Number of protein chains: 2
Amino acid sequence: MRTVVALGGNALTPGGEATIADQRERIAETADELRDLHEAGHDLVVTHGNGPQVGALLRQQEESDAPERPLDVLVAETQAQIGYLVQQALDERIDRRVASVVTQVEVDPDDSAFDEPSKPVGPYLSAEQASQRAFETAEVTTSEGETARRRVVPSPEPARVVEGERIDSLVADGAPVVCAGGGGVPVAVEAGDITGVEAVVDKDCTTRLVAERVDADVLVMATDVPCVYADFGTPEQTPIEEATAPELRERLAAGEFGEGSMEPKVRACLAFLDAGGERAVVAGADAVAAAVAGDAGTQIRPG
Amino acid sequence: MRTVVALGGNALTPGGEATIADQRERIAETADELRDLHEAGHDLVVTHGNGPQVGALLRQQEESDAPERPLDVLVAETQAQIGYLVQQALDERIDRRVASVVTQVEVDPDDSAFDEPSKPVGPYLSAEQASQRAFETAEVTTSEGETARRRVVPSPEPARVVEGERIDSLVADGAPVVCAGGGGVPVAVEAGDITGVEAVVDKDCTTRLVAERVDADVLVMATDVPCVYADFGTPEQTPIEEATAPELRERLAAGEFGEGSMEPKVRACLAFLDAGGERAVVAGADAVAAAVAGDAGTQIRPG
């Protein structure tokens, strides 16, 4: 049984700009879940987000006069930063054969996302700071309800996992692989040249591509909430334990899921099932093993 | 033919705190050499240093109030930072199957190096700054001849490449592998726990371990000078084109090589030959392919 697990923020950090010690603690809990899956016979491919981590690197760059690294390089760095912590936690619990692979993901340079940078990254900036930056910014509201500006970058669709074949051959070898962190490093491929681009790719989209590439039986989205909810954020909010793809597609069209949070996860699950996947699961980070066993989370089948 | 190439500073950056663009340019030249080796039938494992890069990350931490990441995590980050750039350059020149692997290296927590931290890392500090730091510092002389302090960390011997088996299986697959950057992330393994330690491992030592692990035919040290010199730094300095291990061992004992620069490279070459390696080569970064063909650098044989 080949299983791809996407670790969202909650599976990796207690939130905010956490210390590495605090991140290790959170990752240990997640790794316990992954060990249980491994012991139940799952060959694991683990992907992960990198929002707070890439944010911290961008903030450090803002505060330092060391040569600035472009966003593609920073995303690669977070892959090893988080990959190392996850790999070490799995080494301790499973075996010493876990590998983290630096992963690039091909995007289309003509993707319309490049015309309209929309994904906020990095620290909050004052209007004055923003006007001095070479990058595009947009107005945002801080968690304290204040108005600020933040850098915005395009979020194009991922088309292909460049290292897909190597990830496939590593998981075929029977040990967990950590890959595609932060949605992968976005690159444009033109006439044989591969160029990193200043963008971020949605982690859930890329995870779905990885799942298809390694021919996964199950795709698991480990997230901040225990399952998908119908009518999320309304008084009628109810947990969905089981759903077919058509049922979920209908609710998606009706706008029942949180945009930017549950919505991309549900989309990725549906795309995985459309491409021939047997089962997709959305679960809380602390109940991944139970959810894969069918005892927690939302179970989604092609229908 | 299986060949391990260690890329020193000069193969990666034009020196100092270089921009990523400048590093890409330098890496492109090195990648041309590696492409020639690949075309000549070599299965490549590529390792690399990380001195200036980890220095820049440490400096950024000094200048920012974001939560500090420990040294093991920073070393991991530089593995992906540099690994990504090398991987991309090789993707363009060889095939799209290159993989960079986050690599840990086991060290002995009782290594005497831990009693005497000696390896300077990170930015220059004033005596006052140094006194406010939680880490150990030592007096150093800056490139301008001034007195300053720098953080010093232990540099223990590497005992085992934790991801050795995965690196071996990836190279058996016929595509280049980038690994063991910055000498690997040093970890202590005790009673099943793997813990990152605040230390740096010599890149040349770890490269030799990698070469043994993948049963390499040739070990190549790509460096800042075209070859090993007899009587280095004296008026009698002469290039060594060929040498047997016993000859080189004698010169090493006589202190003919630059401590901290050529000396660890020669030691690593000798250890590789002692462990059954057929040939070790020390070459300029711009002449790696010619050196492996026997037309440049220093050729070292068991004798």
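Calculation rules
Residues numbered from 1 in each chain as written. Chains lettered and ligands numbered in written order. Predicted model: local features only at pLDDT ≥ 70, side-chain atom pairs only at ≥ 80, totals over all residues. Heavy atoms only, no water. Pairing = 2+ DSSP bridges. Helix = DSSP H or I, 4+ residues; strand = E, 2+ residues; numbered from the N terminus. Contact = heavy atoms within 4.5 Å. Axes fitted to C-alpha atoms, helices over the stretch in contact; angles between N-to-C directions. pLDDT = per-residue confidence, 0-100. Least-squares fit on C-alpha atoms with pLDDT ≥ 70 in both. Buried < 20%, exposed > 50% of the residue type's maximum accessible area, 1.4 Å probe, protein only. Polar contact = N/O pair within 3.5 Å; in protein donor to acceptor, adjacent residues only side chain to side chain. Buried area = accessible area lost by both parts, 1.4 Å probe. Salt bridge = Lys/Arg side-chain N within 4 Å of Asp/Glu carboxyl O. Phe/Tyr/Trp six-rings, centres within 6.5 Å; stacked < 30°, edge-to-face > 60°. Lys NZ or Arg CZ within 6 Å of the ring centre and 35° of its normal. Patch = residues over 30% accessible without salt bridge, like charges linked within 9 Å, V, L, I, M, F, W, Y side chains within 5 Å. Areas by Shrake-Rupley, 256 points an atom, 1.4 Å probe, with all protein chains shown as cover. Lys, Arg positive; Asp, Glu negative; His and termini not counted. Charge placed at Lys NZ, Arg CZ, Asp CG, Glu CD. Disulfide = S-S within 2.5 Å. Core = buried A, V, L, I, M, F, W, Y, C linked by side-chain atoms within 4.5 Å.

### Points about the sheet that holds strand β16 (residues 279-284) of chain A
Residues and elements named next belong to chain A.
- One open sheet holds the eight strands; their spatial order is β3-β9-β2-β1-β12-β16-β17-β15, and the pairing between them is mixed. Strands with a single pairing partner mark the edges of an open sheet, and in this sheet they are β3 (99-100) and β15 (242-244).
- Across the face of the sheet, helix α2 (residues 20-39) comes into contact with β1 (2-7) and β2 (43-48) while running at roughly 155° to β2.
- In this fold helix α4 (residues 71-93) packs onto β2, β3 and β9 (177-178), with an angle of close to 140° to the strand it touches most, β2.

### Examining the confidence of the model for chain A
- Here chain A averages 95 in pLDDT, while 100% of its residues score no lower than 70.
- Both scores are available for the predicted complex, with the pTM at 0.97 and the ipTM at 0.96.

### A few points about the relation of the copies chain B and chain A
- Here chain B sits on chain A after a turn of 180° about the axis and a move of 0.0 Å along it, with an RMSD of 0.0 Å. Taken together, the rotation and translation relating the two chain copies correspond to the operation of a two-fold axis.
- Both copies share a contact surface, since 100% of the interface residues of chain B are interface residues in chain A too.

### Quick notes on helix α7 (residues 203-213) of chain B
All names here are of chain B.
- The element α7 is largely enclosed, with a buried count of nine among its 11 residues.
- Along α7, the residues classified as buried are Lys203, Asp204, Cys205, Thr206, Thr207, Arg208, Leu209, Val210 and Ala211.
- The inward-facing, buried residues of α7 contact β1 (2-7), β2 (43-48), β4 (104-107), β8 (158-161), β12 (218-223) and α9 (262-274).
- Residue Asp202 occupies the N-cap position of α7, its side-chain oxygen lying 3.2 Å from the main-chain nitrogen of Asp204.
- Where α7 terminates, the next one or two residues include Asp215, which has phi positive at roughly 55°.

### Some words on the pairing of strand β11 (residues 193-196) of chain A
Residue and element names in this part refer to chain A.
- By the alternation rule, side chains of β11 split into Ile194 and Gly196, which are all buried, and Asp193 and Thr195, of which none is buried.
- Pairing of strand β10 (residues 185-190) with β11 involves four bridges; the strand directions are antiparallel. Across the sheet, Ala188 pairs through a bridge with Thr195, a residue of β11.
- What sits between β10 and β11 in their antiparallel hairpin is a turn of two residues, with Ala191 showing a positive phi close to 50°.

### Describing the interface of chain B and chain A
- Of the residues lining the interface, 54 residues belong to chain B; the matching set on chain A comes to 54 residues.
- Taking both partners together, chain B and chain A bury about 4700 Å²; carbon and sulfur atoms supply 50% of that area.
- On the chain B side of the contact with chain A, Gln60, Arg96 and Arg166 of chain B bury the most area, a combined 16% of that side's loss.
- For the pair chain B and chain A, the interface holds eight salt bridges.
- For the interface between chain B and chain A, the tally reads 32 residue pairs in polar contact (both at pLDDT 80 or more).
- If you list the elements that add at least two residues to the side of chain B that touches chain A, you get α2 (20-39), α3 (51-62), α4 (71-93), β3 (99-100), α6 (164-172), β10 (185-190) and β11 (193-196) of chain B.

### Let's talk about the packing of aromatic side chains
Residues and elements named next belong to chain A.
- Throughout the structure, instances matching the rule amount to two aromatic pairs over all chains.
- On the basis of an interplanar angle of 40° and a centroid distance of 6.0 Å, the ring pair of Tyr229 and Phe232 is categorised as tilted.
- Taking NZ or CZ as reference, Arg150 lies 5.5 Å from the ring centre of Tyr124, over its face.

### Concerning a negative patch on the surface
- A surface patch of negative charge is lined by Asp108, Asp110, Asp115, Glu116, Glu190 and Asp193 of chain A.
- Residue position: Glu190 of chain A is located in strand β10.

### A few points about the state of the cysteines
- A complete count under the given rule lists zero disulfides over all chains for this structure.
- With no disulfide partner, Cys205 of chain A has as its closest neighbouring cysteine sulfur the one in Cys269 of chain A, 11 Å distant.

### Concerning the nonpolar core
- By size, the foremost hydrophobic cluster in this structure holds 95 residues, and its most contacted members are Val5 of chain A together with Val5 of chain B.
- Ala211 of chain A together with Ala180, Leu209 and Ala280 of chain B belong to the second-largest nonpolar core, a separate cluster that totals 86 residues.

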